[in-house]
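What the coordinates show
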Amino acid sequence: MKLLIAVVQDKDSNRLVDALGEENFKTTKLATTGGFLKEGNTTLMIGCEDEYVDEALDIIKDNCSHREQMVAPISPMGGNADSYIPKPVKVEVGGATVFILPIESFFQF
């Protein structure tokens, strides 16, 4: 048995949970915050048997798209903020980061 931990953008989370549910994957949804953009994202915990890991990964890949987003950079530390004019830059967001962990035991009460 494996535990998949998938970190996805909030915009993709509902579609992904629905798609996983249609294929009978049970998920636990956690609200989390990303470190780079300081934006909300969703972390899903998905438990499944080893033979279904590839199917779960395919569903995640199909439902979490990459897209570009404009962000304003933060002002430089220790610099003169009066002369700093932030110019928005494009960054790629979305997709999913998935961790796969082995499960030694599983209990449901």
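Quick notes on the rules
Residues numbered from 1 in each chain as written. Predicted model: local features only at pLDDT ≥ 70, side-chain atom pairs only at ≥ 80, totals over all residues. Heavy atoms only, no water. Core = buried A, V, L, I, M, F, W, Y, C linked by side-chain atoms within 4.5 Å. Buried < 20%, exposed > 50% of the residue type's maximum accessible area, 1.4 Å probe, protein only. Helix = DSSP H or I, 4+ residues; strand = E, 2+ residues; numbered from the N terminus. Contact = heavy atoms within 4.5 Å. Phe/Tyr/Trp six-rings, centres within 6.5 Å; stacked < 30°, edge-to-face > 60°. Pairing = 2+ DSSP bridges. Axes fitted to C-alpha atoms, helices over the stretch in contact; angles between N-to-C directions. Left-handed = near helix turned anticlockwise from the far one by under 90°. Nonpolar A, V, L, I, M, F, W, Y, C, P; charged D, E, K, R; others polar.

Further remarks concern the nonpolar core. Counting 15 residues, the largest nonpolar core has Leu4, Leu16, Leu20, Phe25, Ile46 and Ile60 as its most contacted members. Put simply, the parts of the chain that give this core at least two residues each are β1 (2–9), α1 (10–22), β3 (40–48) and α2 (53–63). For this core, the element with the most residues is α2, which contributes four residues. When residues no more than four places from it in sequence are discounted, the contact partners of Phe25 are Leu20, Ile46, Cys48, Tyr52, Glu55, Ala56 and Ile59.

Looking at the secondary structure, you find Cys48 in strand β3. Using a relative accessible area of 6% as the deciding quantity, one classes Cys48 as buried. Setting aside residues no more than four positions away along its own chain, Cys48 makes contact with Met1, Lys2, Leu4, Phe25 and Val53.

Right, let's get into the packing of aromatic side chains. Inspection of every chain in the model, using the stated rule, returns one aromatic pair. Seen in terms of ring centroids, Phe107 and Phe109 are 6.2 Å apart; in terms of plane orientation they differ by 5°. Their pairing is stacked.

Our focus in this paragraph is the sheet that holds strand β2 (residues 27–33). In sheet architecture, strand pairing relies on hydrogen bonds along the backbone and comes in two forms, parallel and antiparallel. Reading across the sheet, the four strands line up as β2-β3-β1-β6 and stay open at both edges, with antiparallel pairing between neighbours. The open sheet has two edge strands with one neighbour each: β2 and β6 (96–102). Each neighbouring strand pair of the sheet contributes to a mean axis angle of 20°, computed without reference to strand direction. In this structure, β1 lies alongside β6, joined through seven bridges in antiparallel fashion. Along β6, the bridge assignment pairs Val7 with Thr97. Helix-sheet contacts for α1 involve β1, β2 and β3, and the interaxial angle to β3 is about 20°. Across the sheet, α2 is in contact with β1, β3 and β6; its angle to β1 comes to roughly 5°.

The next subject is unusual backbone geometry. The phi dihedral of Asn24 falls on the positive side, at around 65°, and the residue is not glycine. Locating Asn24 in the fold gives a position in the loop between α1 and β2. In this structure Asn24 comes out as exposed when scored by relative accessible area, which is 63%.

Any two packed helices are characterised by how steeply their axes cross, that is the angle between the axes, and by the distance between the axes. The contact between α1 and α2 brings their axes to 9 Å, and the two run at 145°. Classified by chirality, the crossing of α2 by α1 is right-handed. In this structure, α1 contributes Asp12, Arg15, Leu16, Ala19 and Leu20 to the contact, and α2 contributes Ala56, Ile59, Ile60 and Asn63. Classifying every residue of the contact of α1 with α2 by side-chain character gives six nonpolar, one polar and two charged.

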